[in-house]
Amino acid sequence: MGLFNFDGNNTNTVAGGSNGFGSTAGYSGGFEGQATNFAGPFDFMYIPIDLGTSNTPSVTFGGWTRASNATGNQDIFAIDDFDSTTPERSIGIRNSDGNGWQYSATTGTGNQSFGVGGPVEDDWSFVAARYDGSNVTLFVDGSSFSMFDNTAINPNRPVMLRVGGSPLSNDQFVGSVDNLFVFDEALSDQQIEHIWLGGSTAIMAPSAIPEPSCLALGLLTVAGLGLRRKRRKALCV
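Cut-offs applied
Residues numbered from 1 in each chain as written. Predicted model: local features only at pLDDT ≥ 70, side-chain atom pairs only at ≥ 80, totals over all residues. Heavy atoms only, no water. Helix = DSSP H or I, 4+ residues; strand = E, 2+ residues; numbered from the N terminus. Expected span 1.5 Å × (residues − 1). Bend = angle between axes of the 7 residues up to and from the residue. Buried < 20%, exposed > 50% of the residue type's maximum accessible area, 1.4 Å probe, protein only. Contact = heavy atoms within 4.5 Å. Polar contact = N/O pair within 3.5 Å; in protein donor to acceptor, adjacent residues only side chain to side chain. Pairing = 2+ DSSP bridges. pLDDT = per-residue confidence, 0-100. Phe/Tyr/Trp six-rings, centres within 6.5 Å; stacked < 30°, edge-to-face > 60°. Core = buried A, V, L, I, M, F, W, Y, C linked by side-chain atoms within 4.5 Å. Salt bridge = Lys/Arg side-chain N within 4 Å of Asp/Glu carboxyl O.

1. Focus: helix α1 (residues 189-203)
In a regular helix each residue adds 1.5 Å, so 15 residues correspond to 21 Å; α1 covers only 14 Å between its end C-alpha atoms and thus falls short of that length. At leucine 197, α1 shows its maximal kink, close to 105°. Buried residues of α1: Gln191, Ile192, Ile195, Gly199, Ser200, Ala202 and Ile203, and no others. Buried-residue contacts for α1 involve β1 (2-4), β6 (59-67), β11 (124-131), β12 (135-140) and β15 (174-183).

2. Notes on the side chain of threonine 65
Here threonine 65 is to be found in strand β6. In terms of polar contacts, threonine 65 uses its side chain to reach the side chain of tyrosine 103, at 3.1 Å. Sequence-distant contacts of threonine 65, defined by excluding residues within four places in its chain, comprise Ile76, Phe77, Tyr103, Asp123, Trp124, Ser125, Val127, Phe173, Ser176 and Val177.

3. Notes on the pairing of strand β5 (residues 44-47)
Alternating residues of β5 divide into Phe44 and Tyr46 and Met45 and Ile47, and every residue in both groups is buried. With 3 bridges joining them, strand β2 (residues 21-23) and β5 adopt antiparallel strand pairing. Counterpart to serine 23 in the pairing with β5 is phenylalanine 44. Pairing of β5 with strand β14 (residues 160-164), which is carried by 4 bridges, proceeds in the antiparallel orientation. Looking at β14, one finds that tyrosine 46 is bridged to arginine 162.

4. Things to note about the confidence of the model for the protein chain
Taken as a whole, the protein chain shows an average pLDDT of 77; of its residues, 71% reach a score of 70 or greater. Contacts for the low-pLDDT stretch residues 210-237, under 50 throughout, to residues beyond four places or in other chains number 93 contacts.

5. What about the packing of aromatic side chains?
Taken as a whole and judged by the stated rule, the model has 10 aromatic pairs. With 6.1 Å between their ring centres and 25° between their planes, phenylalanine 4 and phenylalanine 6 make a pair best called stacked. By relative accessible area, phenylalanine 4 is classed as buried at 0%. When its relative accessible area of 1% is taken as the criterion, phenylalanine 6 is described as buried.

6. Regarding the environment of arginine 94
By the element assignment, arginine 94 lies in strand β8 (residues 89-94). Of the residues examined, arginine 94 reaches a relative accessible area of 9% and is grouped as buried. Here the alpha-carbon distance between arginine 94 and aspartate 75, two residues 19 residues apart in the chain, equals 8.7 Å. Within polar-contact distance, the side chain of arginine 94 engages the side chain of aspartate 75 at 2.8 Å.

7. Section: the side chain of asparagine 12
Counting through the fold element by element, asparagine 12 comes out in the loop between β1 and β2. Judged by its relative accessible area of 5%, asparagine 12 falls in the buried class. A distance of 3.1 Å separates a polar side-chain atom of asparagine 12 from the backbone nitrogen of leucine 3.

8. Comments concerning the nonpolar core
Within the largest apolar cluster, 31 residues are counted, with the highest numbers of intra-cluster contacts made by Phe61, Phe77 and Leu161. Ranked by size, the runner-up nonpolar core spans 13 residues in total, among them Trp124, Phe139, Ile195 and Ile203.

9. Some thoughts on unusual backbone geometry
Among all residues except glycine, the phi angle is most often negative; among peptide bonds, the trans geometry is most common. The phi dihedral of phenylalanine 6 is positive, around 55°, even though this residue is not glycine. With a phi close to 65°, aspartate 122 is a non-glycine residue in the positive phi region. Relative to the elements of secondary structure, aspartate 122 occurs in the loop between β10 (113-116) and β11. Its relative accessible area of 55% is what places aspartate 122 among the exposed residues.

10. What about the environment of histidine 194?
For histidine 194, the location among the structural elements is in helix α1. For histidine 194 and alanine 205, which are 11 residues apart along the polypeptide, the C-alpha to C-alpha distance reads 9.6 Å.

11. Quick look at the environment of aspartate 184
Turning to its location among the elements, aspartate 184 is positioned in the loop between β15 and α1. Distance in space between the C-alpha atoms of aspartate 184 and arginine 130 is 9.9 Å, their sequence separation being 54 residues.

12. Notes on the pattern of salt bridges
Between side chains of opposite charge, pairing is possible as soon as their charged atoms come close. Throughout the structure, instances matching the rule amount to 4 salt bridges. Close ionic contact of aspartate 75 with arginine 162 constitutes a salt bridge, the shortest N to O distance being 3.7 Å. You can see aspartate 75 sitting in strand β7 (residues 74-80) and its partner arginine 162 sitting in strand β14, a full 87 residues away along the chain. On the basis of relative accessible area, aspartate 75 is assigned to the buried category, the value being 0%. Put simply, aspartate 189 and arginine 130 hold a salt bridge, and the shortest N to O gap is 2.7 Å.

Okay, structure coming up:
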């Protein structure tokens, strides 16, 4: 598991995890403590973990976001295999079905997307995506929707979690992110609701959130595999 509180730095609070790197617009008041900011073109952060489908077929990721602009295509969280300008697993803002700008998730090959709930400018929202190998479910402030997932991330390219904009597209996120979390398993609806209601403390609560095996990775390279706690597994990023 990875947990990034962004309290003045890009440190992973999970012991032994790798930190985020990239260029952001600094830090400001967050959902809890501080948050990291993205001001548009070429503000982005990479989390150096391998989230390709061959290594991590199931994954849950998300956090709290505050959009400064609630319109326009924007990538917020994306698992990026660098083979196109649109990620195959992601959370962003899109007008996916013609019903207005919504938080959205992509559903793999073909980059189809669907939306749940419209972002409110300068207001915090909880967003999370769960990919279980068959379906993708998008969660937004207590609401959710699922679709078939046909993700086919290129196994021969490096795969990382990208936060904010992309150097390959114009879908730049403008706003703030707080309490980014990553699990290398498909959390249950109840576990995701627990995080939404409990914040960063709930993310780390061992009685409520089972962790996958701790997968410590160097930059784009698997560095080792080990358990942090009995019955809890953490993706150390």
